[in-house]
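Inside the fold
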Amino acid sequence: ETFRVIQGAMTEETVRSTQGVFQFELSGDSGGTWYIDLKNKGGSTGFGKPPGTADVVMSMSSADFVEMFT
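Residues numbered from 1 in each chain as written. Predicted model: local features only at pLDDT ≥ 70, side-chain atom pairs only at ≥ 80, totals over all residues. Heavy atoms only, no water.

Feature annotation in UniProt assigns "domain: SCP2" (unreviewed entry) to the following positions: residues 11-70. Secondary structure within residues 11-70 divides into 25% helix and 42% strand; the distance between the first and last C-alpha atoms comes to 19 Å. (UniProt positions renumbered as here; feature names shortened; annotations may be inferred. Helix = DSSP H or I, 4+ residues; strand = E, 2+ residues; numbered from the N terminus.)

Pasting the structure below:
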């Protein structure tokens, strides 16, 4: 759900100003590998590895991820 909200909030300006791909290794409920691409083609989010190389890789619990973005 959090990744869907992030995707909906992305703008071309955010992608232009950020220019980074973030990979999240999440543990716990809804864990796994997820990404936020704020570098390519208007940005995207998704499950699995990013389409390109990640600039930043973070490992944390799913609960901490949700708390960080809330």
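Turning next to unusual backbone geometry. For residues besides glycine, phi is generally negative; the peptide bonds are generally trans as well. Located in the positive-phi region is Gln 19, a residue other than glycine, with phi close to 50 degrees. Here Gln 19 lies in the loop between α2 (12-18) and β1 (20-27). For Gln 19, a relative accessible area of 40% corresponds to the partly exposed category. One non-glycine residue, Lys 41, lies in the positive phi region at around 40 degrees. Structurally, the position occupied by Lys 41 is in the loop between β2 (32-38) and β3 (44-47). (Buried < 20%, exposed > 50% of the residue type's maximum accessible area, 1.4 Å probe, protein only.)

Here helix α1 (residues 2-9) crosses helix α3 (residues 62-69) at 30 degrees, and the two axes come no closer than 11 Å. By the criterion of interaxial angle, the relationship of α1 to α3 is roughly parallel. Our pair here, α1 against α3, has a crossing hand that is left-handed. Two secondary-structure elements touch here, α1 through Thr 2, Phe 3 and Ile 6 and α3 through Phe 65, Val 66 and Phe 69. (Axes fitted to C-alpha atoms, helices over the stretch in contact; angles between N-to-C directions. Parallel < 35°, antiparallel > 145°, perpendicular 65-115°, else oblique. Left-handed = near helix turned anticlockwise from the far one by under 90°. Contact = heavy atoms within 4.5 Å.)

Before going further, it helps to examine the environment of Arg 4. Its place among the elements puts Arg 4 in helix α1. According to the relative accessible area criterion, Arg 4 is exposed, its value standing at 59%.

Taken residue by residue, α1 has Thr 2, Phe 3 and Ile 6 as its buried positions. Down the axis of α1, the sector holding all buried residues measures 95 degrees, keeping them to one side. The exposed residues of α1 that point more than 90 degrees off its buried face are Arg 4, Val 5 and Gly 8. Packing partners of the buried residues in α1 comprise β1, β2, β3 and α3. (Arc of directions from axis to C-beta.)

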